[in-house]
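Geometric and topological summary
Single-letter residue listing:
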There are 2 protein chains.
Amino acid sequence: MSEPNIYARELDRVPANYEALSPLTFLERAASIHPNKTAVVHGRVRRSWAETYRRCRQLASALNRQGIGKGDTVSILCPNLPEHFEAHFGVPMAGAVLNSVNTRLDAAAVAFILQHAETRILITEREMSAIAKGALALLEPEHRPLVIDIDDPCYEGGELLGDITYEAFIANGDPEFEWAGPDDEWDAITLNYTSGTTGNPKGVVYHHRGAYLNAVSNVMSWGMPGQSVYLWTLPMFHCNGWCFPWTMAAVTGVNVCLRHVRAEQILELIRTEKVDHFCGAPIVLGMIAGAAPEQKAGISHTIKVMTAGAPPPAAVIQRMEEMGFVVTHVYGLTETYGPCVVCEWNDEWNGRSVAEKAKLKARQGVRAPMQEGLMVADPATLQPVPRDAETIGEIFMRGNIVMKGYLKNAPTTEESFAGGWFHSGDLAVWHPDGYIEIKDRSKDIIISGGENISSIEVEDVLYRHPQIQDAAVVARKDEKWGEVPCAFVTLKPGATLSAGEVIDYCREHMARFKIPKKVVFLELPRTSTGKVQKFILRQWANEEGNA
Amino acid sequence: MSEPNIYARELDRVPANYEALSPLTFLERAASIHPNKTAVVHGRVRRSWAETYRRCRQLASALNRQGIGKGDTVSILCPNLPEHFEAHFGVPMAGAVLNSVNTRLDAAAVAFILQHAETRILITEREMSAIAKGALALLEPEHRPLVIDIDDPCYEGGELLGDITYEAFIANGDPEFEWAGPDDEWDAITLNYTSGTTGNPKGVVYHHRGAYLNAVSNVMSWGMPGQSVYLWTLPMFHCNGWCFPWTMAAVTGVNVCLRHVRAEQILELIRTEKVDHFCGAPIVLGMIAGAAPEQKAGISHTIKVMTAGAPPPAAVIQRMEEMGFVVTHVYGLTETYGPCVVCEWNDEWNGRSVAEKAKLKARQGVRAPMQEGLMVADPATLQPVPRDAETIGEIFMRGNIVMKGYLKNAPTTEESFAGGWFHSGDLAVWHPDGYIEIKDRSKDIIISGGENISSIEVEDVLYRHPQIQDAAVVARKDEKWGEVPCAFVTLKPGATLSAGEVIDYCREHMARFKIPKKVVFLELPRTSTGKVQKFILRQWANEEGNA
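None of these values were measured; they are calculated from a predicted model. (Residues numbered from 1 in each chain as written. Chains lettered and ligands numbered in written order. Predicted model: local features only at pLDDT ≥ 70, side-chain atom pairs only at ≥ 80, totals over all residues.)

Here the focus is the overall build of chain A. Of the regular secondary structure elements, chain A holds 18 helices and 26 strands. For chain A, the C-alpha radius of gyration of 24 Å lies close to 24 Å, the compact-globule estimate for 547 residues. The principal-axis extent of the C-alpha atoms belonging to chain A is close to 75 × 70 × 55 Å. Expressed as a percentage of the 547 residues in chain A, the buried residues total 53%. (Helix = DSSP H or I, 4+ residues; strand = E, 2+ residues; numbered from the N terminus. Rg over C-alpha atoms; globule rule 2.2 N^0.38 Å. Buried ≥ 20, exposed ≤ 12 C-beta atoms within 10 Å, placed from the backbone.)

So, about the pairing of strand S14 (residues 325–333) of chain B. Put simply, side chains in a regular strand alternate between the two faces of the sheet. All names here are of chain B. Buried residues dominate S14, accounting for eight of its nine residues. The pairing of strand S13 (residues 303–307) with S14 spans five bridges and is parallel. Paired with Val-305 across the bridge in S14 is Val-327. Where S14 hands over to strand S15 (residues 338–342), the hairpin turn is made up of four residues, of which Tyr-337 adopts a positive phi near 60 degrees. (Pairing = 2+ DSSP bridges.)

Owing to its 3.6 residues per turn, the α-helix brings residues three or four apart onto one side. Over its 15 residues, helix H7 (residues 208–222) of chain B runs 22 Å from end to end, which matches the ideal 21 Å to within 8%, given 1.5 Å per residue. Just past H7(B), the residue B:Gly223 takes up positive phi, approximately 55 degrees. (Expected span 1.5 Å × (residues − 1).)

Quick look at the relation of the copies chain B and chain A now. In screw terms, the move from chain B to chain A is a rotation of 180 degrees and a rise of 0.0 Å along the axis, fitting with an RMSD of 0.1 Å. The operation mapping one copy onto its partner corresponds to a two-fold rotation axis. Residues of chain B ranked by C-alpha distance from the rotation axis are headed by B:Gly223, positioned 3.3 Å from it. When the interface residues of chain B are mapped onto chain A, 100% of them are again interface residues, pointing to one common binding face. (Least-squares fit on C-alpha atoms with pLDDT ≥ 70 in both. Contact = placed C-beta atoms within 7 Å.)

A few words on the interface of chain B and chain A. In this assembly, 54 residues from chain B lie in contact with 54 residues from chain A. Elements with a minimum of two residues in the side of chain B that touches chain A: helix H1 (24–33), H7, strand S16 (366–367) and helix H15 (410–416) of chain B. Residue contributions to the side of chain B that touches chain A peak at four residues, all from H1(B). Considered class by class, the residues forming the side of chain B that touches chain A number 27 nonpolar, 15 polar and twelve charged. (Nonpolar A, V, L, I, M, F, W, Y, C, P; charged D, E, K, R; others polar.)

Right, let's get into the domain arrangement of chain A. Residues and elements named next belong to chain A. Along its sequence, chain A is organised into domain 1 (24–208), domain 2 (261–442) and domain 3 (445–546). Here the C-alpha centroids of domain 1 and domain 2 sit 28 Å apart. Contact with domain 1, which involves eleven residues of that partner, is made by eleven residues of domain 2. Contributions of two or more residues to the side of domain 1 that touches domain 2 are made by strand S8 (188–193) and strand S9 (203–207). Looking at the side of domain 1 that touches domain 2 element by element, the count peaks at five residues for S9. Looking at the side of domain 1 that touches domain 2 residue by residue, the class counts come to six nonpolar, four polar and one charged. (Domains from an automatic or database assignment.)

Time to look at the sheet that holds strand S17 (residues 373–377) of chain B. Where strands meet in a sheet, backbone hydrogen bonds hold them as pairs that are either parallel or antiparallel. All names here are of chain B. If you trace the four strands from one edge of the open sheet to the other, you get S17-S18-S20-S21, paired in antiparallel fashion. Looking along the sheet, the strands with just one partner apiece sit at the ends: S17 and strand S21 (436–441). Taking the axes of each pair of neighbouring strands and ignoring which way they run, one obtains an average angle of 45 degrees across the sheet. (Axes fitted to C-alpha atoms, helices over the stretch in contact; angles between N-to-C directions.)

Residue and element names in this part refer to chain B. For S21, the tally of buried residues reaches five of six residues, placing the bulk of the element in the interior. Summarising the sheet, strand S20 (residues 422–430) and S21 pair through five bridges and their orientation is antiparallel. Directly across from Ala-428, in S21, lies its bridge partner Ile-438. Remark: five residues form the turn of the hairpin made by S20 and S21, two consecutive strands paired antiparallel; Gly-434 in that turn has positive phi of roughly 90 degrees.

This part covers the environment of A:Lys408. As for its position among the elements, A:Lys408 is in the loop between strand S19 (405–406) and helix H15 (410–416). Along the sequence, A:Lys408 and A:Glu159 sit 249 residues apart, while their C-alpha atoms lie 34 Å from each other.

We now examine the sheet that holds strand S18 (residues 393–398) of chain A. Residues and elements named next belong to chain A. The four strands are arranged S17-S18-S20-S21 in an open sheet whose pairing can be described as antiparallel. For this open sheet the edge positions go to strand S17 (373–377) and strand S21 (436–441), each flanked by a neighbour on one side alone. Pairs of neighbouring strands in the sheet enclose a mean axial angle of 45 degrees, with direction left out of account. Here S17 pairs with S18 via five bridges, running antiparallel. Bridging across to S18, Met-375 finds its partner in Phe-396.

The next thing to look at is the packing of helix H4 (residues 107–116) of chain B against helix H5 (residues 129–138) of chain B. Residue and element names in this part refer to chain B. For the pair H4 and H5, interaxial distance at closest approach is 8 Å and the crossing angle is 60 degrees. As far as their axial angle goes, H5 and H4 are oblique. Relative to H5, the crossing made by H4 is right-handed. Residues Ala-107, Ala-108, Val-110, Ala-111 and Leu-114 of H4 touch H5, and the partners they reach there are Ile-131, Gly-134, Ala-135 and Leu-138. Split into classes, the residues belonging to the contact of H4 with H5 amount to eight nonpolar, one polar and no charged. (Parallel < 35°, antiparallel > 145°, perpendicular 65-115°, else oblique. Left-handed = near helix turned anticlockwise from the far one by under 90°.)

Before going further, it helps to examine helix H16 (residues 455–463) of chain A. Regarding H16(A), the residues found buried are A:Ser455, A:Ile456, A:Val458, A:Glu459, A:Val461 and A:Leu462. Buried residues along H16(A) sit in contact with S21, strand S22 (446–448), strand S23 (451–453), strand S24 (468–478), strand S25 (482–491) and helix H17 (499–509) of chain A.

Counting 301 residues, the largest nonpolar core has A:Ile123, A:Leu231, A:Val256, B:Ile123, B:Leu231 and B:Val256 as its most contacted members. With near-sequence residues (within four places) excluded, A:Val256 lies in contact with A:Val41, A:Val229, A:Tyr230, A:Leu231, A:Trp232, A:Leu269, A:Glu273 and A:Val275. (Core = buried A, V, L, I, M, F, W, Y, C linked by C-beta atoms within 7 Å.)

Attention now moves to the packing of helix H11 (residues 282–289) of chain A against helix H13 (residues 314–322) of chain A. Residue and element names in this part refer to chain A. For the pair H11 and H13, the least separation of the axes is 9 Å and the interaxial angle reads 55 degrees. Here H13 runs oblique to H11, going by the angle between their axes. Between H11 and H13 lies a crossing of left-handed hand. Taking contact as the criterion, the partners of Pro-282, Leu-285, Gly-286, Ile-288 and Ala-289 in H11 are, on H13, Val-316, Arg-319 and Met-320. Of the residues that constitute the contact of H11 with H13, the class distribution is six nonpolar, one polar and one charged.

A few words on unusual backbone geometry. A positive phi angle is found at B:Trp242, which is not glycine, with a value near 55 degrees. Here B:Trp242 is to be found in helix H8 (residues 239–242).

Below, the discussion takes up the environment of B:Glu142. Examined against the element boundaries, B:Glu142 turns out to sit in the loop between H5 and strand S6 (146–150). C-alpha separation for the pair B:Glu142 and B:Met375, spaced 233 residues apart in sequence, amounts to 46 Å.

This part takes up the environment of A:Tyr331. Counting through the fold element by element, A:Tyr331 comes out in strand S14 (residues 325–333). Distance from A:Tyr331 to A:His84, taken between C-alpha atoms, is 24 Å for residues 247 residues apart in sequence.

This is how it looks when you write it as structure tokens:
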């Protein structure tokens, strides 16, 4: 061995030049630099960064006094309230891990999550009390966590079912609590359960390093200036609100809270609080685009919107942009801290037609600034597919904003990281310009007579029909072909269209083997985040009586 | 020992979820997402991100073929040309360390640096050829590096003195070279020698992690949008241009190169290239503010300017802002990757008078988004001073944008990191709002009769005199008082002011013990970056004949 090179000698990590990356530092910085600036708005509640920091320290201190520390789970079941924001800091400041639970789940699913996460404390609130009560009743008594109730002054109804209110609990804490950051930036910060459509949900573990980097990646993707005003349309239980609680501390912005996603209230808050940024599923955008003109009056500033979950329909983008909203389409999974792919706009497209622009924007895009690797590849060989916009492959990610792994599930963690890449399970094509476009979930692809059919492609054609409002296509088992496409369609009010007319229309617009063999008219079942629940449709399509 | 908690089991770093942070990834991303966008402009030369990336890979490949790899030093002596930008990527992509040498040094100082850095390759260019030649002649023959000449088509004069031209050298390299990022984000990326005013310069080593984080911190401090257009007024040899080569790749912006810092050319490039961001010492701002009105015509967009090195004078800030320039004052040292403190604007100050605003902006400020710790403290006890705007202490920093250490100088590294903080050597007060304000370098403080006199404070008073253009105050040895202030003053053209009148003016505006005992009229000696060379003044003040 030769002696180490000159740069590898006596230049070690010491406390002066190394600190574990953690988004908790952003809160302390915001409170120290802009103590009087508004951090959180919720109805009549309006708290500064100094006040919010004090409350987070109280929460951390009270948790410690309760015996909660490193490796313990604190779960929260709560809409987008200030306390939910605080929990993103206070819980990890106590060394513990925050598990934010999807508020649309039923009691059994919540109970499964609370138990699997080994929850020691559950923070809940009035509107959630029925679900929380049901879930708690399903737990074995020795697994019952301490329950803390948020008593939101802006909400009537529900009940307080816990051991102590949130305000009483944090009153036990020291507002000057000397918290410490993580020993290691690889330490867990949060736990997010995937809303799996089949089987039990998996617990995705995030670490401080990834949360820090994705919080910053949001700023970079959006070119987000300091002191932005952010509206909480996206649930905080969804990948920790795509890491935006930490992003907002990093930019010392304003968090405008929102209990219910309703167009009127969204537009009212945009007007009165001068909201300039928010995130939401395309369904939220559609809601805003479709609002009555008088609700939109008085809004003249530019508002940036990030959307994900499904490609935003062209008409919705166009209407939003006419209203002064700039839409950015992003893509990600719970396993990637939310968005890790962004449809970054290219000025070369400025001259295109509105329809072409919408089509370009409907693609998922390229990797976010802090994501190191992204490819569309053959799932067996991990060889990238050609960038021909045609060959379908699986989307793979690699880098610092990929999860730590699945909690207590080493085999699935290993499988999902096989070959040095995270296997997303989403199927896409790669365009010549490097942008990826999702064609389907692996399990949503329809394989008919040996040919792959993208259900999204068939749906796209259906959506373009002027009388069709909503459409979903799934595989139906078929003796001859293996699988055939089955279409579920919602018509626009007043429309009259027969199954035969839908099939005729498809015949004009797609290859023969892609044409749905069956068309069913109904209201599509959707999840809380606006995703069509295809597993319900698939079940229906394959039941004997419906075949 | 209890068993590890559930979050510490089976959730390890694997290639899918961990990659060493490195700003080199930003270049690869820029080239892959915006291959056709302009990366670099220099006179008639205009190169895209794809082309720039190819050239950087060629450079890295050619260096490897030359036997250069991990732990080797490649030095560059060059103005702000495209090749200098490329070296910030190509050299570390080869695994080597880039040492960008101050172009204003004399041959002896350059020779010292080349030898101390164990330079294996020197990249130089025509305008630098005399200095480079002189430095090379001073090296022992066995230390002579391979010399590569940049032959800038926009420059006439100088000579090619090396072994090969840059273009011929990189032509040996593979434009598809499969480079690898660092094994460890703690690996060295660059080496920057401090321009010490006494003794030999010290080699400050940066690592990939710090360069990545400070590149991003620049974006955050400035709220810098994607695809910004950046003018290279700040030398790249200065803390790697404050890490802006990497910042510009992170935002896929445009690097507008600049060989000489002259107002006319700066304004011309702002107009024609639509430059929207640049950095420079207050002297550069003064140059622009003082330019003829016809040179400023036709500039209507907002331009953001970062300045450091000395507090920008109020009048300059005011004139710049009237022209549509928004000035941000930052502060840092070579040891902190350039700016790690930023005078972040607070909207609460908007209503103040112009003079008050300038005074607020002249303070150094608060820590940059990616710097974890900043304090003003007693250098002996490391106890923070009270935030009273009066008590002078030393500035200390801690965190991820503090250098790896000094090359081959463990005792000084250890000393500068003593107590877990980096000792800046700058003296400041801490304001009640948490903003720090530099009062002096430790060595610039004047201790007279046991009282500390801030030379900056005395200079501030002198600057406010309508007939004084430039002023500097240093300590002069005195038998009775130990030290007394000695003022060096440049008058405005046409002004007539005697030493006695200056002293009378001071008497009206400061405590008796602070009044300069001697006033000398002359043109102040300044460094390449606009800093007054106080060591020259100090020497002069203390020479027998001048006492």
